[in-house]
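Spelled out, the chains give:
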Amino acid sequence: MDLGVRWKLHGDGKVPAPGAVVRPDERLSWPRTAGLGAQHVVAMFGASFVAPVLMGLDPNLAIMMSGVATVIFLLATRGRVPSYLGCSLSFVGVAAVIRAQGGTSATVTGAVLVVGVALFLVGLAVQRFGARIIHAAMPPVVTGAVVMLIGFNLAPVTASTYWPQDQWTALFVMLFTGLAVVCLRGFWSRIAIFLGLVFGYVLSWALDRIFGKIHSVDGGGKLTDHWRLDFSAVGQADWIGLPSFHGPSFEWSAILVALPVVIALIAENAGHVKAVGEMTGDNLDDKLGTAISADGIGSVLSTAVGGPPNTTYSENIGVMAATRVYSTAAYWAAAGFALLFGLCPKFGAVVAAIPGGVLGGITVILYGMIGLLGAQIWINAKVDMRNPLNLVPAAAGIIIGVGNVSMEFTDTFSLSGIALGTLVVITGYHALRAFAPAHLKTQQPLLDEGTSSYDEKTGPGGDGGGGQRAKS
């Protein structure tokens, strides 16, 4: 059985010829492949260790399980889809909502594990029936609205939790990160979030030396005098050791909050597979279902031991685009480095010491970018928001999600925020479409950017086409 773990040496294994592409089944020399793997790890660091911190989970375990998930993905796709699977930012808002309802880390990982199972089942369905079922159930107007409300639902987390801990540090980190994203080029622009974190560390250290302790709320919400940057736990941490594991706990209220994120994960995977296919020149439509299922399996394994969920990373697509090296051998090297980092508790302590003000500046941009990806889906798909069939369910669902509107059905069961907003968007769109007059449903759908093998002769749709991209 071909597992995609055999690579031909590209040329002399040193520097590819001008304009040459190192294909997924090729590799450079092993030292150069290891260097490329390390570059992929750095590219995913910014988001992949911020996400578990924001979710209240162990960053060491997150990095380790991202390596495990990447290995599973590469084996499942037989080495045809070069990809790194890192911690998904789409779940940050879900974790915040679950914890606000009194949930623990076990409750968070239990809810997300169910999402991983759902994603795995969706992948099986795509393998069986084809990619068009995604378009039928979740057209771009629905997908864009759900991604948007998931991102913007996070705004209160920044405003009430991180920003008040050190507003001036948050402001300067926000400005620096914004400049890095816009002004830097190539690889450096891909790690702008990471650079913002480093800047925030240095700034917090300098402010502590110059002004001493700050009088503000701490991470627990208590008003007190405290250091911006506290490295006490770093000195006590071991250099080598296992991360902290815990089992999941399942509660229906938490599961219902988390389930809508499966829509964002499907969009991310579809966009990633399409993007990689375009770069390598391979038709990877037949691997879309496998990629989605592999993502689901990786998330299930990670959350089963207390880690965060994983998803394909567009940061690493940027690295491939810059280097024109698509070798999956580099991703195996990246997975190996991630496993080693996961076995260093001191590294995790450094990550956990990120000051609240730094996270405030980072999340202002990061959460907004997540939400605006929904608008990008609409733009790519040419969704017509003048059409009330598109406008009404999207508008209602987004306001419910962002405003955290709640519906109480019984004394023990209610839906609110992300869960209720997603339900309104999906059911509202399909219900309105069933009763809408014919002239609102005559716009022909375009080919979906993430799944290019749709049947162009499929009946008319009211969403204005398809188009999904990977997360940033």
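It should be emphasised that the depicted structure is a prediction, and the values quoted were computed from it without experimental measurement.

The rules we used
Residues numbered from 1 in each chain as written. Predicted model: local features only at pLDDT ≥ 70, side-chain atom pairs only at ≥ 80, totals over all residues. Heavy atoms only, no water. Helix = DSSP H or I, 4+ residues; strand = E, 2+ residues; numbered from the N terminus. Buried < 20%, exposed > 50% of the residue type's maximum accessible area, 1.4 Å probe, protein only. Contact = heavy atoms within 4.5 Å. Areas by Shrake-Rupley, 256 points an atom, 1.4 Å probe, with all protein chains shown as cover. Phe/Tyr/Trp six-rings, centres within 6.5 Å; stacked < 30°, edge-to-face > 60°. Core = buried A, V, L, I, M, F, W, Y, C linked by side-chain atoms within 4.5 Å. Domains from an automatic or database assignment. Axes fitted to C-alpha atoms, helices over the stretch in contact; angles between N-to-C directions. Parallel < 35°, antiparallel > 145°, perpendicular 65-115°, else oblique. Left-handed = near helix turned anticlockwise from the far one by under 90°. Nonpolar A, V, L, I, M, F, W, Y, C, P; charged D, E, K, R; others polar. Lys, Arg positive; Asp, Glu negative; His and termini not counted. Salt bridge = Lys/Arg side-chain N within 4 Å of Asp/Glu carboxyl O. Patch = residues over 30% accessible without salt bridge, like charges linked within 9 Å, V, L, I, M, F, W, Y side chains within 5 Å. Expected span 1.5 Å × (residues − 1). Arc of directions from axis to C-beta. Polar contact = N/O pair within 3.5 Å; in protein donor to acceptor, adjacent residues only side chain to side chain. pLDDT = per-residue confidence, 0-100.

Here we look at the overall build of the protein
Tallying secondary structure elements over the protein gives 20 helices and eight strands in all. Here the protein holds 472 residues, and 54% of them are scored as buried. Partitioning the contacts of the protein with sequence separation of at least 6, the portion at a separation of at least 24 is 77%. Only carbon and sulfur atoms are counted for the fraction: they give 66% of the accessible area of the protein, which is about 19,400 Å².

Some details on the packing of aromatic side chains
Within this structure, the stated rule accounts for two aromatic pairs. Aromatic pair W7 and W30: ring centres 5.9 Å apart, planes at 85 degrees, arrangement edge-to-face. A residue pair is termed long-range when its members are at least 10 positions apart, and W7 in the segment before strand 1 (8-9) and W30 in helix 1 (residues 30-55) qualify at 23 residues. Note on W7: relative accessible area 19%, which makes it buried. The class for W30 is partly exposed, based on a relative accessible area of 45%. Ring centres of F176 and F199 lie 4.3 Å apart, and the angle between their planes is 5 degrees; this geometry places the pair in the stacked category.

Some remarks on the nonpolar core
Judged by nonpolar contacts, the single largest core of 98 residues is most densely connected at F49, M55, V92, L288, I354, Y367 and W378. The element that contributes the greatest number of residues to this core is helix 18 (residues 356-381), accounting for 11 residues. For this core, the two domains that each supply at least three residues are domain 1 (22-151 + 210-229 + 237-354) and domain 2 (383-439). In this view, M55 contacts C87, S88, F91, V92, A95, R99, V108, P308 and P309; residues no more than four positions away in its chain are not counted. Listed in part, the five residues of the second largest apolar core include L28, L36, V325 and A330.

Here's the deal with the packing of helix 2 (residues 59-76) against helix 14 (residues 288-304)
Here helix 2 crosses helix 14 at 150 degrees, and the two axes come no closer than 9 Å. Here helix 14 runs roughly antiparallel to helix 2, going by the angle between their axes. Helix 14 is crossed by helix 2, and the crossing has right-handed handedness. Between helix 2 and helix 14, the residues in contact are M65, A69, I72, F73 and A76 and T290, A291, A294, D295, I297, G298, L301 and S302, respectively. The residue makeup of the contact of helix 2 with helix 14, split by class, is nine nonpolar, three polar and one charged.

Some words on the side chain of K287
Tracing the chain through its elements places K287 in the loop between helix 13 (261-280) and helix 14. The charged side chain of K287 is buried without a salt bridge, its nearest counter-charge being D286 at 5.2 Å. Not counting chain neighbours up to four residues away, the residues in contact with K287 comprise A76, T77, R78, R80 and V81.

Notes on a nonpolar patch on the surface
A surface patch of nonpolar side chains, about 240 Å² in accessible area, is lined by V117, L121 and L124. Mapped onto the secondary structure, L121 falls in helix 4 (residues 105-129).

Considering unusual backbone geometry
Phi is positive for R78, which is not a glycine, with a value near 55 degrees. Despite not being glycine, K382 has its phi angle at roughly 55 degrees, a positive value. Note on placement: K382 falls in the loop between helix 18 and helix 19 (388-403).

Describing helix 19
An ideal rise of 1.5 Å per residue puts 22 Å on 16 residues; helix 19 measures up with 22 Å between its terminal C-alpha atoms. Looking only at helix 19, the buried set comprises L389, N390, P393, A394, G397, I398, I400 and G401. Viewed along the axis of helix 19, the buried residues span an arc of 165 degrees, placing them on a single side of the element. In this structure, helix 19 carries I399 and G403 as exposed residues pointing more than 90 degrees from its buried face. Contacts made by the buried residues of helix 19 are with helix 6 (140-152), helix 18 and helix 20 (417-435). Capping of helix 19 at its N-terminal end is provided by N387; its side-chain oxygen lies 2.9 Å from the backbone amide nitrogen of L389. Looking one or two residues beyond helix 19, the residue adopting positive phi is N404, at roughly 60 degrees.

With respect to the confidence of the model for the protein
For the protein, per-residue confidence averages 79 on the pLDDT scale, and 86% of positions sit at 70 or higher. Counting contacts from residues 444-472, a segment whose pLDDT is below 50, to residues more than four positions away or on other chains yields 109 contacts.

A closer look at the pattern of salt bridges
A complete count under the given rule lists five salt bridges for this structure. Between D286 and R80 there is a salt bridge; the shortest N-O distance is 3.0 Å. Taken together, the positions of D286 in the loop between helix 13 and helix 14 and R80 in the loop between helix 2 and strand 3 (85-87) put the pair 206 residues apart, joining distant regions of the chain. A salt bridge links R386 to D384; the shortest N-O distance between them is 3.0 Å. Take R386: its relative accessible area is 74%, and that puts it in the exposed class.

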